[in-house]
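If you want the building blocks of each chain, they are given just below.
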Amino acid sequence: MGYNQDPSVQPDALSGKVTLPASLDDVEMVQAVRTPAAIDYIATPGASLSAYLRGMKQKKILGDVCPVTGQVFVPPRGVSPVSGQRTTEMVEVSDQGYVESFNVTRLPIKSRPDLKPPYVSAWVVPDGSNVGSIALVAGIEPEEVRIGMRVGAVWKPDDELEESAANILHWEPTGEPDVVLDDLRIIGKPGDNQ
Amino acid sequence: MVSNDDGVLRAPLRLEYPFTRTTGQVVGGFLTGLREGMVLGAKRADGTVMCPPLEYDPITSDPLTELVEVGQSGTVTTWTWNGEPRAQQPFSQPFAWAMITLDGADTPMLHGVLVDGPDAMSTGMRVSLQWRNEREGHIADIAGFVPEEA
């Protein structure tokens, strides 16, 4: 009986030939099948992210302030990730910042035909924020992007603004001197936003 | 992002994984049959036929390696009514889910039967397979079933 077989022994069916009706002798066999798995949600962002999204409609980037350390987190989640405390204060941060880290993508993503490789995904830290978030960097050759490079947000035209982080099309170099690595603020260090 | 009267922001969000699975010979053979307009089942050692086919005999655990053609009409063995179809189900209007034993097969397959209402459904009724116009070697090549014409 099969259930008593040594599990390390390959089952016969993996090496045996499956026979089909003779009329299918000359057709190409199906060897793979697409089985996408999708879940459709209606997402509600919550109070803090809603305020952030409404700020985006006015070309303002809002962050949460940690009530314990004073650090600013963008995008805001309503809770400080360092102290675990609920946040009650929001502040506007700049739409200028620097590249903390980056990646050059050279392969296309099927679901994003608007992104033409090679393109640069970067971790951009806005001035006034203690953390970065993922963003596109454009207006520069990928080979010239570097850690510490100063960038500014490029916004959609005013009449296309909505409650969406996509209002920032990408970030592009400002031409200012690079941020020196020693100046980089470290996440989780109390008081470093002063 | 849309805001309703309650002031809460909402937006549709789709989480999707674009899987492609390799089929193996048995399922691949079954899907090849569908693409060519045939329904195949797996023949067991005792001569009975499982449709849709399994790769192993559920009683003896023996590998099943012979696929044979079964009929494209069959008998409803049990059913339930689906009054609110969802996306990706066989029909967009209300229909019956049914276990259908195709002629020449000894086990039933689950599929949709399109009828006007539950009053038109009964255990033992005869149904016929409807093919999709474009077939590609996918289970959805079977559009569904309808009552067999007398």
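Residues numbered from 1 in each chain as written. Chains lettered and ligands numbered in written order. Predicted model: local features only at pLDDT ≥ 70, side-chain atom pairs only at ≥ 80, totals over all residues.

**Points about the interface of chain B and chain A**
- On the chain A side, the residues contacting the 40 residues of chain B number 37 residues.
- Listing elements by their share of the side of chain B that touches chain A, those giving two or more residues are strand S2 (9–17), strand S3 (20–22), helix H1 (24–35) and strand S6 (67–70) of chain B.
- Ranked by residues supplied to the side of chain B that touches chain A, first place goes to S2(B) with 9 residues.
- Split by residue class, the side of chain B that touches chain A holds 18 nonpolar, 12 polar and 10 charged.
- Here 3 bridges tie strand S1 (residues 32–34) of chain A to S3(B), and the two strands are oriented antiparallel to one another. Its bridge partner lying in S3(B), Ala32(A) is registered against Thr22(B). (Contact = placed C-beta atoms within 7 Å. Helix = DSSP H or I, 4+ residues; strand = E, 2+ residues; numbered from the N terminus. Nonpolar A, V, L, I, M, F, W, Y, C, P; charged D, E, K, R; others polar. Pairing = 2+ DSSP bridges.)

**Concerning the confidence of the model for chain A**
- Across chain A, pLDDT averages 87, with 86% of residues at or above 70.
- Here residues 187–194 of chain A is modelled with pLDDT under 50, and outside its nearest four sequence neighbours on either side it reaches 13 contacts, counting other chains as well. (pLDDT = per-residue confidence, 0-100.)

**Looking at the sheet that holds strand S5 (residues 89–93) of chain A**
All names here are of chain A.
- The strand order across the open sheet built from 3 strands is S4-S3-S5, with neighbouring strands paired in antiparallel fashion. Whereas interior strands pair on both sides, the edge strands pair on one side only; in this sheet they are strand S4 (72–73) and S5.
- Where strand S3 (residues 61–65) and S4 come together, 2 bridges link them in antiparallel fashion. Residue pairing across strands places Val65 opposite Val72, the latter belonging to S4.
- Relative to the sheet, helix H2 (residues 46–57) contacts S3 and S5, its axis offset from that of S3 by approximately 155 degrees. (Axes fitted to C-alpha atoms, helices over the stretch in contact; angles between N-to-C directions.)

**Quick look at the nonpolar core**
- If you look at the biggest cluster of nonpolar residues, it comprises 30 residues, and the most contacted ones within it are Phe30(B), Cys51(B), Ile100(B) and Val113(B).
- Looking at this core, the elements with two or more residues in it are H1, strand S4 (39–43), S6, strand S7 (73–82), strand S8 (95–102), strand S9 (109–113) and strand S10 (126–131) of chain B.
- If near-sequence neighbours (up to four positions away) are discounted, Cys51(B) is found in contact with Val39(B), Gly41(B), Val70(B), Leu102(B), Ala105(B), Thr107(B) and Met109(B).
- The next biggest cluster of nonpolar side chains, apart from the first, holds 12 residues, and it includes Leu49(A), Met56(A), Val72(A) and Phe73(A). (Core = buried A, V, L, I, M, F, W, Y, C linked by C-beta atoms within 7 Å. Buried ≥ 20, exposed ≤ 12 C-beta atoms within 10 Å, placed from the backbone.)

**Quick look at the pairing of strand S9 (residues 150–155) of chain A**
Residue and element names in this part refer to chain A.
- The pairing of strand S6 (residues 96–105) with S9 spans 3 bridges and is antiparallel. Of the residues in S9, the one forming a bridge with Tyr98 is Arg150.
- Direction of pairing for S9 relative to strand S10 (residues 168–173): antiparallel, over a ladder of 5 bridges. Pairing of Trp155 across the sheet is with Ile168, part of S10.

**Observations regarding the sheet that holds S4(B)**
Residue and element names in this part refer to chain B.
- If you walk across this open sheet you meet the 3 strands as S5-S4-S6, and the pairing is antiparallel. If you trace the sheet from one side to the other, it starts and ends with strand S5 (49–50) and S6, each paired once.
- Looking at chain direction, S4 and S5 are connected through 2 bridges and run antiparallel. Residue Lys43 lies in a different strand from S5, and its bridge partner there is Val49.
- Each of S4 and S6 is contacted by H1, which is oriented at about 150 degrees to S4, the strand it contacts most.

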